Amino acid sequence: MNDKPSENVMRSVDPLTDGMVSRRGFIGAAVASAAVAGLHADSRASWTVDGIPLPDWAADRIRSGVARYNAWCGKDETVAFPLITDVHSHEPGFAENPPNWNDPKSHILFQRAIAHATDSDFLVNLGDLDFDINILGVKPEWNDVQAVIDGFVRVYEKEPLPVLFSMGNHDHAKGRYTSKQFGDTFNRGITARAGHKVVLSECGTWGYYDIPAKRFRAVFLNTSDEGYAGYSRKQLQFLSDALATVPEEWHVIALQHIQVPGIMGRWRRGLDDGPLRREGIFMQIVDDFAHHRGNLVQGFHNPPIKGQYDGIKWDFADSKASFVGGFFGHTHLEANMQIDGVNWVTRPGYGTVPADCPCMGARDPKCVWEFKRSKDMMIDLVAVKPEKRVVHVFRFGYGGPESELEYKY
Ligand SMILES: [Fe+2]
């Protein structure tokens, strides 16, 4: 894997971003060396990732986003991760010299640059890498699917920080790519193989990553492990157990592809997706965790019984942890809801949609993103201040500050 992390992500010194390097402190030796190795006092920001120079427009957006992020952070301890989702790349492999900026996978280079510019703790990809169709929009041959998968591996495999992958509904290659294969290739093949202590299920598509120094657990799930859209009982039991074992006073975030509640996205609910199987049980488990309940609420199951449903059992009566929120992709939308004090957020993470994409805007004109993927990005940085119980979602690129979100939990 990556035996020379310091050469993977580099930048030159810049008056707007340079203070960040020493202020937040380094997450680890790999990040420290990555940030320091690229410093050259005589130039403005010029970024390379895996030796690939980023275009000037990308460096500009990263620089302005980092400046706003630094101003927000102040001296507070922050957990941060750049989130990308719904990359939907159908290009085989990954062109490096020169990069094909029209291949959505190229935006992962921007995500990685942002991770290091902000001293992020980890990176998140919320799925729909998309192995279901080829560049012609039809079912691909298996060799073509493998070439797209190889391209994703290539663009992530030298990343020194942990990358958490949630499987999307378009990642089964129409029944030819199992959850186990996805988990072995991405969470196990990239993140665990790089030495990061990520706790994984047997199939490797759900698990959690802890940051003990910041009392933070990131749980990631697979919303397509039972059918096109659904959780298995096994996964929800894993979730319940993962939440029940969170140490006292820790903060937990949940990451997955398909949004809950389903009404938050317009993505043809009830047509091609169908309902997310066991969505209600998932939301009940999280709601009980957020409120430290051992019992289901009155009304959901009457009379109330010890937390259990459909063979899944949970009990958070003794928990003293906090739930930061659930973050989702799938919708290609910016939307959020708070239900019973629990925050649910869906983001487009979709730095890849050309203005003439025919699939966008058919039902909601606001959903047309008016930019070209080769000239702009749309990447979110999720930042959490556990002490202040506040979340800010920063937008790097299209939409800018007007597309950002802040909430308390
Ligand atoms: Fe999706």
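Here the structure is a predicted model, which is why all the values come from computation and not from measurement. (Residues numbered from 1 in each chain as written. Predicted model: local features only at pLDDT ≥ 70, side-chain atom pairs only at ≥ 80, totals over all residues.)

(A) Inspection of the overall build of the protein chain at higher detail. A tally of regular secondary structure across the protein chain gives nine helices and 18 strands. Counting only contacts in the protein chain whose residues sit at least 6 apart along the sequence, the fraction spanning at least 24 positions is 70%. (Helix = DSSP H or I, 4+ residues; strand = E, 2+ residues; numbered from the N terminus. Contact = placed C-beta atoms within 7 Å.)

(B) Quick peek at the sheet that holds strand β13 (residues 322-328). With mixed pairing, seven strands are arranged side by side in an open sheet as β7-β8-β9-β10-β13-β15-β14. In the strand order of this sheet, the two ends are held by β7 (198-200) and β14 (335-339), each with one partner. Across this sheet, the average inter-strand angle for adjacent strands is 20°, counted without regard to direction. Sheet topology places β14 next to strand β15 (residues 342-346); five bridges connect them, and they run antiparallel. Across the sheet, Ala335 pairs through a bridge with Thr346, a residue of β15. The sheet contacts of helix α9 (residues 279-290) involve β10 (251-256), β13 and β15, and relative to β13 the element is tilted by about 150°. (Pairing = 2+ DSSP bridges. Axes fitted to C-alpha atoms, helices over the stretch in contact; angles between N-to-C directions.)

(C) Spatial organisation of unusual backbone geometry. A cis amide bond links Asn97 to the next residue, Pro98, at an omega of -5°. Note on placement: Pro98 falls in the loop between β4 (79-84) and α4 (107-117). Omega for the peptide link from Val260 to Pro261 comes to -10°, which places this bond in the cis form. Examined against the element boundaries, Pro261 turns out to sit in the loop between β10 and α9. Its identity is not glycine, yet Asp130 carries a phi of approximately 85°, on the positive side. Inspection of the secondary structure puts Asp130 in the loop between β5 (123-125) and α5 (142-156). Of note, Ala173 is a non-glycine position whose phi angle comes to about 50°, a positive value. By the element assignment, Ala173 lies in the loop between β6 (163-165) and α6 (179-185). By the C-beta count within 10 Å, which is 22 here, Ala173 ends up buried. (Buried ≥ 20, exposed ≤ 12 C-beta atoms within 10 Å, placed from the backbone.)

(D) The arrangement of the sheet that holds strand β16 (residues 378-385) in detail. Strand order in this open sheet of six strands is β6-β5-β4-β16-β17-β18, and the pairing throughout is mixed. Looking at the sheet topology across the chains shown, the edges are occupied by β6 and β18 (405-408). The mean angle between the axes of side-by-side strands here comes to 20°, regardless of whether they run parallel or antiparallel. In this sheet, β6 lies alongside β5 in parallel orientation, the contact comprising three bridges.

(E) Structural context of the packing of helix α8 (residues 233-244) against α9. The N-to-C vectors of α8 and α9 enclose an angle of 5°; their axes lie 11 Å apart at closest approach. Put simply, α8 runs roughly parallel to α9. Counting all contacts with α8, which are made through Leu236, Leu239, Ser240 and Leu243, the residues of α9 involved are Ile281, Phe282, Ile285 and Phe289. Here the contact of α8 with α9 is built from residues that sort into seven nonpolar, one polar and no charged. (Parallel < 35°, antiparallel > 145°, perpendicular 65-115°, else oblique. Nonpolar A, V, L, I, M, F, W, Y, C, P; charged D, E, K, R; others polar.)

(F) Layout of the confidence of the model for the protein chain. Per-chain confidence: the protein chain averages 83 in pLDDT, with 78% of residues scoring 70 or above. Confidence over residues 1-6 falls short of pLDDT 50; this stretch has 14 contacts with residues more than four positions distant or in other chains. This stretch, residues 354-366, has a pLDDT under 50; its non-local contacts, to residues over four places away or in other chains, come to 14 contacts. (pLDDT = per-residue confidence, 0-100.)

(G) Here's a closer look at the environment of Leu221. Among the secondary structure elements, Leu221 is positioned in the loop between β9 (216-220) and α8. When the 27 C-beta atoms within 10 Å are taken as the criterion, Leu221 is described as buried. Taking the C-alpha atoms as reference points, Leu221 and Phe238, 17 residues apart in sequence, are found 9.7 Å from one another. Apart from residues no more than four positions distant in its own chain, Leu221 is found in contact with Ser166, Trp206, Gln235, Leu239, Ala254 and Gln256.

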